[in-house]
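Tertiary structure, described
Here is what each chain is made of, one letter per residue.
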Amino acid sequence: MEAYQGGDLGAFEQLYAALVDDVRRYFSRSARDRRALNDLVQDTFLEMHRSLRTYLPELPVRPWVFGIARNVSGRSRRAAWHWDARSSTQSATEEDLAAPVNDARAIDFLDIENALACLPAGHRDSWLLHHVLGWSFPAIAQHLGITVVAAKLRSSRATRALRAALRGSEQDK
Amino acid sequence: MSDTRVPPALAAAVAANLRPVRPLASPWRRALALLPLGIALLVGMPAFWSWRSHIDVFAPWPWRALSPLETIAGLLVLAAAFREAVPGRELSARALWALLGAAGATFLSINLVSAASVDVAPATALRWLRDCFAMAIAFSGPTLLLPAWLVSRALPNRPALTGALCGLGVGFMADAGLRALCWDGEHAHILIAHGGAIAMLMALGAAGTTVVERIRR
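Residues numbered from 1 in each chain as written. Chains lettered and ligands numbered in written order. Predicted model: local features only at pLDDT ≥ 70, side-chain atom pairs only at ≥ 80, totals over all residues. Heavy atoms only, no water.

**Points about the overall build of chain B**
A count of helices and strands for chain B gives nine helices and zero strands. Each helix and strand of chain B, placed in order from N terminus to C terminus, yields the pattern α-α-α-α-α-α-α-α-α. Seen along its three principal axes, the alpha-carbon backbone of chain B occupies a region of about 75 × 35 × 25 Å. Per-residue burial for chain B yields a buried fraction of 45% across its 217 residues. As presented, chain B carries roughly 10,500 Å² of accessible surface, and 70% of it is formed by carbon and sulfur atoms. The distance from the centre of the 18 positive side-chain charges to the centre of the 11 negative ones in chain B is 14 Å. (Helix = DSSP H or I, 4+ residues; strand = E, 2+ residues; numbered from the N terminus. Buried < 20%, exposed > 50% of the residue type's maximum accessible area, 1.4 Å probe, protein only. Areas by Shrake-Rupley, 256 points an atom, 1.4 Å probe, with all protein chains shown as cover. Lys, Arg positive; Asp, Glu negative; His and termini not counted. Charge placed at Lys NZ, Arg CZ, Asp CG, Glu CD.)

Set out below in structure tokens:
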């Protein structure tokens, strides 16, 4: 652990190998399916990396890692709850997630490129990976190191922002 | 036994910003770093009060002797809050109840020691009550930002509880300063104005830390 805090990637890999089964077992009851389980496990290790400074060297590693797992689990529950609440209040959410292919009409590609350039990088990546490259949200989440819910949200927000931007450019014309 | 190799995306994310980090100091050391803050509240509040209100009569000496004890109690509570903020180091239910019980007992025993009836008109008593409450919140509200920031550098699993403990610690330190200048020893005054300010700081700390954690994560 001290080697990992010193910036050694090999130490992280060793730590992952030693703990991943236990972390997976920890989430196995709460996760809905295998994909969600893998997301939670990866989120835990990613959060462990982000919170590396909170580990105090003289203490055992496992309670610290499971403390982080508890944090990730709580956050995931809250995110799922928010997502459900949002879905029930916004009927257009599914529509937002769908590719805006038929919406394009007379919008030219330069407008789309300009509108894409205005999006925050995280939102743009999620949107491009899903709508252009056809990736699934779990795959995007894994690639970007975020939760599936976050990937969906980013893509949805990007779609909404693009629509607004393109509507504006159409009116300008 | 499943695959124990690091998934490529995770390895890439970790490698992208892997650099040596300095571990956080122990909770006790971080709480001790706030000692100047405690001293500032202990000395600053009476000084500001006497400057603003042109008064030179403070609380009786024996009461003031209790103030440093209260500052130390505040630092101990802050240390517990910093410990609570570290994953895997959360306080057990028993430790938490012991801490809250000790904090309550400290506050009540100091209250009992400095109890003295004051014969003033109800309007004056009400004004003193408002003054003490406002003074404690005005001084310790901004002060609460520092421990809240220290807490947010860790990863609290129970942000509301961690923030409430921060509020309790800062509230104790503020009450130490307040006690040195307040000569109203009525139980009602101490419980409502001084205790109420501590409760308000706990609520502010809980709300603030929860909001910060929601935004950060």
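**Topic: the pattern of salt bridges**
Applying the stated criterion across every chain yields a total of ten salt bridges over all chains. Linking A:Asp22 and A:Arg25 is a salt bridge whose minimum nitrogen-to-oxygen distance equals 2.9 Å. With a gap of three residues between them, A:Asp22 and A:Arg25 both fall in helix H2 (residues 9–28), about one helical turn apart. Residue A:Arg25 is classed as exposed on the basis of its relative accessible area, which comes to 55%. Here B:Arg179 and B:Glu70 are joined by a salt bridge, their closest N and O atoms 3.5 Å apart. With B:Arg179 in helix H8 (residues 159–181) and B:Glu70 in helix H4 (residues 61–84), this residue pair connects regions lying 109 residues apart in the sequence. The pair B:Arg179 / B:Glu70 is uniform in exposure class, with both members buried. Within the structure, one salt-bridge network assembled from shared partners comprises A:Asp22, A:Arg25 and A:Arg62. (Salt bridge = Lys/Arg side-chain N within 4 Å of Asp/Glu carboxyl O.)

**A short note on the interface of chain A and chain B**
If you look at the interface, chain A gives 36 residues, while chain B gives 34 residues. Our count for the chain A to chain B interface comes out at one salt bridge. Across the pair B:Glu90 and A:Arg70 runs a salt bridge whose closest N-O atoms are separated by 3.0 Å. At the level of elements, helix H1 (2–5), H2, helix H3 (34–50), helix H4 (61–89) and helix H8 (137–144) of chain A are the ones that each hand at least two residues to the side of chain A that touches chain B. (Contact = heavy atoms within 4.5 Å.)

**Some words on the confidence of the model for chain B**
Residue and element names in this part refer to chain B. Residue-level pLDDT values for chain B average 86, and 94% of them are 70 or greater. Within chain B, no element has a lower average pLDDT than helix H1 (residues 8–16), which sits at 83, and none a higher one than helix H2 (residues 27–32), at 92. On the interface metric, ipTM, the complex scores 0.77, and its pTM is 0.72. (pLDDT = per-residue confidence, 0-100.)

**Description of the packing of aromatic side chains**
Per the stated rule, a full pass over the model turns up nine aromatic pairs over all chains. By the ring-pair criterion, three or more aromatic residues cluster together here, those being A:Tyr4, A:Phe12, A:Tyr16 and A:Phe45. (Phe/Tyr/Trp six-rings, centres within 6.5 Å; stacked < 30°, edge-to-face > 60°.)

**Thoughts on the environment of B:Gly167**
All names here are of chain B. Take glycine 167: it is sitting in helix H8. Note on glycine 167: relative accessible area 0%, which makes it buried. Sequence spacing of glycine 167 and alanine 148 is 19 residues, and the spatial spacing of their C-alpha atoms is 8.8 Å. Look past the residues within four positions of glycine 167 in its chain and what remains in contact with it is Leu144, Leu201 and Met202.

**Here's the deal with helix H9 (residues 187–216) of chain B**
Residues and elements named next belong to chain B. End to end, H9 covers 42 Å across 30 residues, agreeing with the expected 44 Å (1.5 Å per residue, within 8%). Along H9, the helix axis deviates most sharply at glycine 196, where the bend reaches about 30°. Within H9, burial applies to His189, Ile190, Ala193, His194, Gly195, Ala197, Ile198, Leu201, Gly205, Ala206, Thr209 and Glu213. Tucked inside the fold, the buried residues of H9 contact helix H5 (93–113), helix H6 (122–143), helix H7 (145–152) and H8. (Expected span 1.5 Å × (residues − 1). Bend = angle between axes of the 7 residues up to and from the residue.)

**Notes on the side chain of B:Asp175**
Residues and elements named next belong to chain B. Among the structural elements, aspartate 175 can be located in helix H8. The buried category is assigned to aspartate 175, whose relative accessible area is 1%. Separated by 2.8 Å, the side chains of aspartate 175 and histidine 194 make a polar contact. Residues in contact with aspartate 175, not counting those within four places in the same chain, are Glu70, Phe107, His194 and Ile198. (Polar contact = N/O pair within 3.5 Å; in protein donor to acceptor, adjacent residues only side chain to side chain.)

**Overview of the confidence of the model for chain A**
With 82% of its residues at a pLDDT of at least 70, chain A reaches an overall mean of 78. Between residues 102–107 of chain A, whose pLDDT stays under 50, and residues either more than four places distant or in other chains, the model counts five contacts.

**Topic: H8(A)**
All names here are of chain A. Residues of H8 that are buried: Phe137, Pro138, Ile140 and Ala141. The buried residues of H8 occupy one face: seen down the axis, they fall within an arc of 160°. With its phi angle positive at about 70°, glycine 145 sits one or two positions after the end of H8. (Arc of directions from axis to C-beta.)

**A few points about the packing of H8(B) against H9(B)**
Residues and elements named next belong to chain B. Between H8 and H9, whose axes approach to 7 Å, the crossing angle comes to 145°. Of the two elements, H8 crosses H9, and the hand of that crossing is right-handed. Contacts from Pro159, Ala160, Gly163, Ala164, Gly167, Leu168, Val170, Gly171, Phe172, Asp175, Leu178 and Arg179 in H8 reach Ile190, His194, Ile198, Leu201, Met202, Gly205, Ala206, Thr209, Thr210 and Glu213 in H9. Split by residue class, the contact of H8 with H9 holds twelve nonpolar, seven polar and three charged. (Axes fitted to C-alpha atoms, helices over the stretch in contact; angles between N-to-C directions. Left-handed = near helix turned anticlockwise from the far one by under 90°. Nonpolar A, V, L, I, M, F, W, Y, C, P; charged D, E, K, R; others polar.)

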